[in-house]
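Topology and contacts: notes
Read off the chains here:
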Amino acid sequence: MRYSNILLLEWRYGKRMQQPDYRINDVELNPEGSAIIVMNPDEDAFRHSFSKFEFITSMQVLKKAAAKYGIPMIGIHREYRNSRTTEYIMRKQQQKMISLMSPSSFDEEYLRQFRDLDLRSSYTIYSEDIFTSDDVAERLDSMNVRSVLISGFYTESDVYVSAVEALIHDYFPFVVSDATSTISERVYFEALDLLAQHVEVIDSRDLIRVWGVD
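Residues numbered from 1 in each chain as written. Predicted model: local features only at pLDDT ≥ 70, side-chain atom pairs only at ≥ 80, totals over all residues. Heavy atoms only, no water.

**Notes on the environment of Ala-196**
- The residue Ala-196 is located in the loop between helix H8 (185–195) and strand S8 (200–202) in this model.
- Residue classification places Ala-196 among the partly exposed residues on the basis of a relative accessible area of 47%. (Helix = DSSP H or I, 4+ residues; strand = E, 2+ residues; numbered from the N terminus. Buried < 20%, exposed > 50% of the residue type's maximum accessible area, 1.4 Å probe, protein only.)

Okay, structure coming up:
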């Protein structure tokens, strides 16, 4: 029997060539059909984060993955909406600032590295939920996105709400834990714990392992 060249390659050394298994926690995360969402990729949010070094190193992995597989990175900046609850929401935000960490001697170097990431916002929205923007939803649909990797600031609000809403809108959400941050370490871990009960919470090491990002 004659075999095609493809079959001969597949059965070389007596083993059939395996297709990559892009799965995390038994959920498919194929680079094709994925998009990376970066919430609030601006300097003010970064300055207020407690895990600056971890965010930078994890985001470097995400950028390498985006370059390797042609994955779109979509930056989304959230503004306060002009409504009857605006003052209330802003007051709550100010209350969170009480937990802001003291400045570190490394902050300026971290800020320089953050700028080197060159993260930019493609859209401005007026809610913690990215799907309140028809433009965002239409872009994801136009690219046949099935899975969204959510990163950025703030873990307990913008990241949390958008991840849960992504599931409601029929996407597979993956929150990249070390590529998100917020003002308080305690709030950060509490938010991730709650998120893990609804969506997939991974870290950049999972992407290095599954996607071969180095």
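**Here's the deal with the packing of aromatic side chains**
- Enumeration according to the criterion identifies 13 aromatic pairs in this entry.
- Between the aromatic rings of Phe-131 and Tyr-171, the centroid separation amounts to 5.6 Å while the plane-to-plane angle is 20°, which identifies the pairing as stacked. Taken together, the residues Phe-131 in the loop between strand S5 (123–125) and helix H6 (134–142) and Tyr-171 in the loop between helix H7 (155–168) and strand S7 (172–181) connect sequence positions 40 residues apart.
- Residue classification places Phe-131 among the buried positions, given a relative accessible area of 10%.
- For Tyr-171, a relative accessible area of 6% translates into the label buried.
- Members of the aromatic cluster, joined through ring pairs, are Phe-46, Phe-55, Phe-114, Phe-153 and Tyr-154.
- Its end group placed over the ring of Tyr-80, Arg-78 keeps NZ or CZ at 5.5 Å from the ring centre. (Phe/Tyr/Trp six-rings, centres within 6.5 Å; stacked < 30°, edge-to-face > 60°. Lys NZ or Arg CZ within 6 Å of the ring centre and 35° of its normal.)

**Here we look at the pairing of S7**
- In terms of burial, S7 is a largely internal element, nine of the 10 residues being buried.
- In terms of strand pairing, strand S6 (residues 147–153) meets S7 through six bridges, oriented parallel. Bridge pairing links Val-148 to Pro-173 in S7.
- In this fold, S6 hands off to H7, which returns the chain to S7; that crossover is right-handed. (Pairing = 2+ DSSP bridges. Right-handed = clockwise from strand over helix to strand, strands pointing away.)

**A word on the nonpolar core**
- Counting residues in each nonpolar core, the largest one holds 33 residues, and the members touching the most others are Leu-149 and Trp-211.
- Sorting the residues of this core by element identifies strand S3 (34–39), helix H2 (43–47), helix H3 (52–69), helix H5 (107–117), S6, S7 and helix H9 (204–211) as the ones contributing at least two each.
- With seven residues, H3 is the largest single contributor of residues to this core.
- The next biggest cluster of nonpolar side chains, apart from the first, holds 25 residues, and it includes Ala-35, Val-136, Ala-163 and Leu-192. (Core = buried A, V, L, I, M, F, W, Y, C linked by side-chain atoms within 4.5 Å.)

**Focus: the packing of H7 against H8**
- Relative to each other, H7 and H8 sit at 10°, their axes nearing to 10 Å. Taken together, H7 and H8 sit at an angle that is classed as roughly parallel. Where H7 approaches H8, its residues Thr-155, Glu-156, Tyr-160, Ala-163 and Val-164 are matched on the opposing element by Val-187, Tyr-188, Ala-191, Leu-192, Leu-194 and Leu-195. (Axes fitted to C-alpha atoms, helices over the stretch in contact; angles between N-to-C directions. Parallel < 35°, antiparallel > 145°, perpendicular 65-115°, else oblique. Contact = heavy atoms within 4.5 Å.)

**Focus: the side chain of Ser-49**
- As for its position among the elements, Ser-49 is in the loop between H2 and H3.
- A distance of 2.7 Å separates the side chain of Ser-49 from the backbone oxygen of Phe-46, its partner in a polar contact. (Polar contact = N/O pair within 3.5 Å; in protein donor to acceptor, adjacent residues only side chain to side chain.)

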